[in-house]
Amino acid sequence: MIATSFTPVASLLGGALIGLSAVLLMWATGRIAGVSGIAARLFPPYEDRELAGRLAFVAGLVAAPLLVLLVTGRLPAQTIAATTPVLIIAGLLVGFGSVWGSGCTSGHGVCGLSRLSVRSLVATITFMATGIATVFVIRHWS
Amino acid sequence: MTILVQFAIGLIFGLGLIISGMSNPAKVLNFLDVGGIPAGTWDASLAFVMAGAVAVTFIGFSHVLKLPRPFFAERFYVPARKDIDPRIVVGPAIFGIGWGLAGFCPGPALTALGFGSRSAFVFVAAMCAGMMLARFIANLPSSARVAAPTDPLET
């Protein structure tokens, strides 16, 4: 494993920005800022005509590191230790599971909990539990 | 105009992910690694991301949802479901396993594309395939399933 340092202030600030973004999206479009839902709806079948807006939101997500690079002149650390086969399996599970469960960390974890949704609470507890269990098995049972 | 605003909102979301450390899978995995608490390698930062995000969203939503309508849309699309069906447990259970394997969830994975990393492209391609598979299966008609009146993607 790669050691990382505890960054409570930066994490709280970054979290507040994520929250601000969720509030702004609700204010502007009336939609939940659930990234899995937004990403999944980039593909057919389309249920509405808001494809361009979703593409713009995702383009903003992708452009964020470029803005950081422009302003600060460097990119923060990003360490991806997983091998290609693990990335493929993990990606399939994350994609399938987030759509099957109607949301991910942002839709359920941020927007859902903020709306006091019981479904989102169940979902958040479940993915936290299986995420923790998975890391535990990989790091401490092998 | 709407497009530009949504781009800016996505940009703020992405900046939040980067500043908070969520865009670094190593940090995410060290947060999920509660087995690292005795060794002192546990990184509790992500609890602060959640706290900051939920606090701002909770306060913000309570104000915004009192408005007659969103600025660029006809109405608010807030999920109304309250039932606990098997999918709300099975889906997140599968999602969590994938999250624990690579340290990526959908937002950080998409933002990681902007870092230009090959691994992020591999992950996102597989993630999109998984999403399409789930939508395909979820939309299949089944006599066993009670008629679901809602959008299969609804939170």
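Given the structure is predicted, the values throughout are model-derived calculations rather than measurements.

## A few points about the environment of A126 of chain B
For A126 of chain B, the position within the fold is in helix α6 (residues 118–138). Here A126 of chain B falls in the buried class, since its relative accessible area comes to 7%. When the C-alpha positions of A126 of chain B and F76 of chain B are compared, they lie 31 Å apart, and in sequence the two are 50 residues distant. Setting aside anything within four residues of it in sequence, one finds A126 of chain B in contact with L87, I88, G91 and L92 of chain A.

## Structural notes on unusual backbone geometry
All names here are of chain A. Omega for the bond connecting P44 with P45 falls within 30 degrees of zero, at 5 degrees, which places this linkage in the cis form. Note that P45 resides in the loop between α2 (35–40) and α3 (51–72). Its identity is not glycine, yet S102 carries a phi of approximately 60 degrees, on the positive side. On the secondary structure map, S102 appears in the loop between α4 (84–100) and α5 (105–114). Here the phi dihedral of L116 falls at roughly 60 degrees; this positive angle occurs in a residue that is not glycine. Mapped onto the elements of the fold, L116 is located in the loop between α5 and α6 (118–140). Judged by relative accessible area, which is 63%, L116 ranks as exposed.

## A look at the packing of aromatic side chains
Applying the stated criterion to the full structure yields 12 aromatic pairs over all chains. Here the aromatic rings of W27 of chain A and F72 of chain B are separated by 6.4 Å at their centres, their planes lie at 75 degrees, and the arrangement is edge-to-face. Of the two residues, W27 of chain A is situated in helix α1 (residues 8–29) and F72 of chain B in the loop between α3 (45–64) and α4 (87–102); the pairing between them involves two chains. A centroid spacing of 5.8 Å and a plane angle of 70 degrees characterise the contact between F57 of chain A and F13 of chain B, whose relative ring orientation is edge-to-face.

## Thoughts on the interface of chain B and chain A
Each side of the interface is counted separately: chain B has 112 residues, and chain A has 112 residues. Summed over both sides, the interface of chain B with chain A buries roughly 10,100 Å², with 75% coming from carbon and sulfur. On inspection of chain B and its partner chain A, the count reaches three salt bridges. Between R119 of chain A and D85 of chain B there is a salt bridge, with its nearest N and O atoms 3.1 Å apart. At the level of elements, α1 (2–20), α2 (25–32), α3, α4, α5 (106–113) and α6 of chain B are the ones that each hand at least two residues to the side of chain B that touches chain A. Among the residues forming the side of chain B that touches chain A, the class breakdown is 72 nonpolar, 27 polar and 13 charged.

## Thoughts on the UniProt feature "transmembrane region" (unreviewed entry) in chain B
All names here are of chain B. Taking the UniProt record as the reference, the feature "transmembrane region" (unreviewed entry) is found at residues 7–26, 46–67, 88–113 and 119–138. Helix makes up 80% of residues 7–26 and strand 0%, with an end-to-end C-alpha separation of 27 Å. A distance of 32 Å separates the end C-alpha atoms of residues 46–67, which is 86% helix and 0% strand.

## Considering α3 of chain A
Across its 22 residues, α3 of chain A extends 32 Å between first and last C-alpha, which sits within 8% of the 32 Å expected from 1.5 Å per residue. The sharpest bend along α3 of chain A measures roughly 40 degrees and falls at A63 of chain A, with the proline P65 of chain A sitting one to four residues further on. Of the surrounding elements, those touching the buried residues of α3 of chain A are α1 and α2 of chain A together with α1 and α5 of chain B. Downstream of α3 of chain A by a residue or two, G73 of chain A has a phi angle that is positive, lying close to 80 degrees.

What counts, and at which threshold
- Residues numbered from 1 in each chain as written.
- Chains lettered and ligands numbered in written order.
- Predicted model: local features only at pLDDT ≥ 70, side-chain atom pairs only at ≥ 80, totals over all residues.
- Heavy atoms only, no water.
- Helix = DSSP H or I, 4+ residues; strand = E, 2+ residues; numbered from the N terminus.
- Buried < 20%, exposed > 50% of the residue type's maximum accessible area, 1.4 Å probe, protein only.
- Contact = heavy atoms within 4.5 Å.
- Phe/Tyr/Trp six-rings, centres within 6.5 Å; stacked < 30°, edge-to-face > 60°.
- Buried area = accessible area lost by both parts, 1.4 Å probe.
- Salt bridge = Lys/Arg side-chain N within 4 Å of Asp/Glu carboxyl O.
- Nonpolar A, V, L, I, M, F, W, Y, C, P; charged D, E, K, R; others polar.
- UniProt positions renumbered as here; feature names shortened; annotations may be inferred.
- Expected span 1.5 Å × (residues − 1).
- Bend = angle between axes of the 7 residues up to and from the residue.

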